[in-house]
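Understanding the architecture of this molecule
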Amino acid sequence: MESPDLCPACGHEMQIGDFPFCPHGSGVQSVISDEWVGGRVFENGFDKPTRFFSPSEHRAALAARGLEIRAKWAGVHDKVMSRWDAPDATTLANAAILLTRGRKTADPADEPIPITVTKVARA
């Protein structure tokens, strides 16, 4: 009879935290720190450049002023964000089709909800 601490396929001596399949390794838990070593200086939202040593400290200082961190699209050459708040005409048409399908249920009383999608031009 084999020892319960040995892998029946390769004979590896199992330890607590080892993966139960070959090749064996151990799981790793990590903690994501809420700390900026040396701090980071922010100018937006404050009267003068202010150094913070953690994201939570920065969010709390903004919240005390009634502010929050927001992402903003920087234009057509923005490589980080897309213009999600102003989709093109094809996307709007496809959304309208999806929304008018309704849901399929056994209850005939459930009717699709009429929805109108309107594109608003922004200045």
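Model, not experiment: these values are computed from the prediction. Each chain has its residues counted from 1, running along the sequence as written. The predicted origin of the model limits local features to residues at a pLDDT of at least 70 and limits the giving and counting of side-chain atom pairs to 80 or more, whereas totals for whole chains, interfaces and linings rest on all residues. Only hydrogens and water are set aside; all other atoms, that is, all heavy atoms of the structure, feed into the side-chain values.

**Focus on the overall build of the protein**
- A run of H or I in DSSP counts as a helix once it spans at least four residues, and a run of E counts as a strand once it spans at least two, with each numbered from the N terminus. The helix and strand inventory of the protein stands at two helices and two strands.
- Helices and strands appear in the protein in the N-to-C order β-β-α-α.
- Looking at the protein as a whole, 12% of its 123 residues qualify as buried.
- Excluding contacts between residues fewer than 6 apart, the proportion of contacts in the protein whose partners are at least 24 apart in sequence is 8%.
- The method behind every accessible area is Shrake-Rupley, applied with a 1.4 Å probe, and residues are considered shielded solely by the protein chains displayed. As displayed, the protein offers around 11,000 Å² of accessible surface, 57% of which is attributable to carbon and sulfur atoms. Per-residue accessibility, obtained with a 1.4 Å probe over protein chains only, is compared with the maximum for each type, and a residue is labelled buried under 20%, exposed over 50%, and partly exposed between these values. Any two residues whose heavy atoms approach within 4.5 Å are treated as being in contact.

**Brief notes about the pattern of salt bridges**
- Note on definitions: salt bridges are taken to be side-chain nitrogens of Lys or Arg within 4 Å of carboxyl oxygens of Asp or Glu. Throughout the structure, instances matching the rule amount to one salt bridge.
- A salt bridge links Arg65 to Asp47; the shortest N-O distance between them is 3.8 Å. In this pair, Arg65 sits in the loop between helix 1 (55-64) and helix 2 (89-100) while Asp47 sits in the loop between strand 1 (40-42) and strand 2 (50-52), placing the two residues 18 residues apart along the sequence.
- Given a relative accessible area of 44%, Arg65 falls into the partly exposed group.
- The class of Asp47 is exposed, set by a relative accessible area of 76%.

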